[in-house]
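# Examination of the molecular architecture
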Amino acid sequence: MKDFITKNRSLLEETEKLLNDQIKLEAVSSAIYLSMASWCEIKGYENSSNFLYGHAEEEKMHMMKIFRYVNEAGGHALQPEISGVPHDFSSLKKIYEQILDHEIEVTKSIHKLVDHCFTKKDFTTFNFLQWYVTEQREEETLARRILELFDIIGVEGLGLWTIDQEIGKLGDGGASNAAPTTAT
Ligand code: OFO
């Protein structure tokens, strides 16, 4: 009976593999942001630290949303192996530059998945992924807004302190707006 259930499903193996790759990428995002939060905390950038702790939670939620979807669709969600997470960062600005670069990579990966689902006519997964398309646009915009603070305020004198204060006004990285999992 179980064999019948696992063999009869709409989710293609190729799509399941790509979704598991995305699960890993979201887990990597969460791990990197947690590491960045810790670095900010020990360097005294309290607001950036809180922002990044929130962002790490948000990425975990992104991962779990796909994780649950894969199993609900009859696949097998795989707990990813994570290694090589950096612990040292050269400056606060470098952290946010890395975040923007990383989010652009995540956007490309989501777009690749969306394109794949459209080509394979898997409109269920295509529809599920639309939330991520919107989320990535928001995350890239947020990283850009933060980097603009460095240009507008400058890092001299009280600059870095002021930038960190402004980042504190941006919230918790979105964790409080966390979307529910796929279960309704
Ligand atoms: Fe999951 O959005 Fe950032 O990485």
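In case you missed it, the structure is sitting above this.
Computed from a prediction, not measured in an experiment: that's the story for all the values here.

### Looking at the overall build of the protein
Looking only at helices and strands, the protein features 6 helices and 0 strands. Beginning at the N terminus, the succession of helices and strands in the protein can be written as α-α-α-α-α-α. C-alpha extents for the protein along the principal axes are approximately 70 × 30 × 25 Å. Expressed as a percentage of the 184 residues in the protein, the buried residues total 42%. Counted over contacts in the protein with a minimum sequence separation of 6, partners at least 24 positions apart contribute 78%. When the accessible surface of the protein is summed, it comes to about 10300 Å², and 55% of that surface belongs to carbon and sulfur atoms. Charge-centre separation for the protein: the mean point of 19 positive side chains lies 6 Å from the mean point of 30 negative side chains.

### Some words on the side chain of Ser-30
Tracing the backbone through its elements, the reader meets Ser-30 in helix α2 (residues 13-43). Aside from chain neighbours lying at most four places away, what touches Ser-30 is Ala-56, Glu-59 and Lys-60.

### A short note on the environment of Asp-21
Relative to the elements of secondary structure, Asp-21 occurs in helix α2. Asp-21 gets classed as partly exposed once you look at its relative accessible area, which sits at 37%. In the structure, Asp-21 is positioned 56 residues away from Ala-77 in sequence and 10.0 Å away in space, judged by C-alpha atoms.

### Topic: the packing of helix α3 (residues 46-72) against helix α6 (residues 159-168)
Where α3 contacts α6, the two axes come as close as 7 Å, and the packing angle between them is 35°. Considering how the two elements wind past one another, α3 and α6 form a crossing that is left-handed. Residues Glu-46, Asn-47, Ser-48 and Phe-51 of α3 form the contact with α6, whose participating residues are Asp-164, Gln-165, Ile-167 and Gly-168. Of the residues that constitute the contact of α3 with α6, the class distribution is 2 nonpolar, 4 polar and 2 charged.

### Description of the nonpolar core
Met-36, Leu-52, Ile-95, Tyr-96 and Ile-99 are the most contacted members of the largest nonpolar core, which has 23 residues in total. For this core, the secondary structure elements donating two or more residues are α2, α3, α4 (92-119), α5 (123-153) and α6. It is α2 that provides the largest number of residues to this core, a total of 6 residues. With near-sequence residues (within four places) excluded, Tyr-96 lies in contact with Ser-48, Phe-51, Leu-52, Ile-146, Leu-147, Phe-150 and Ile-167.

### A few points about the packing of α4 against α5
Geometry of a packed helix pair, given as the angle between the helix axes and the separation of the axes. Following both chains from N to C, one finds α4 and α5 inclined at 160°, their axes separated by 9 Å at the closest point. Relative to α5, the element α4 lies roughly antiparallel. Taken as a pair, α4 and α5 cross one another with a handedness that is left-handed. Class assignment for the residues of the contact of α4 with α5 results in 20 nonpolar, 4 polar and 7 charged.

Calculation rules
- Residues numbered from 1 in each chain as written.
- Predicted model: local features only at pLDDT ≥ 70, side-chain atom pairs only at ≥ 80, totals over all residues.
- Heavy atoms only, no water.
- Helix = DSSP H or I, 4+ residues; strand = E, 2+ residues; numbered from the N terminus.
- Buried < 20%, exposed > 50% of the residue type's maximum accessible area, 1.4 Å probe, protein only.
- Contact = heavy atoms within 4.5 Å.
- Areas by Shrake-Rupley, 256 points an atom, 1.4 Å probe, with all protein chains shown as cover.
- Lys, Arg positive; Asp, Glu negative; His and termini not counted.
- Charge placed at Lys NZ, Arg CZ, Asp CG, Glu CD.
- Axes fitted to C-alpha atoms, helices over the stretch in contact; angles between N-to-C directions.
- Left-handed = near helix turned anticlockwise from the far one by under 90°.
- Nonpolar A, V, L, I, M, F, W, Y, C, P; charged D, E, K, R; others polar.
- Core = buried A, V, L, I, M, F, W, Y, C linked by side-chain atoms within 4.5 Å.
- Parallel < 35°, antiparallel > 145°, perpendicular 65-115°, else oblique.

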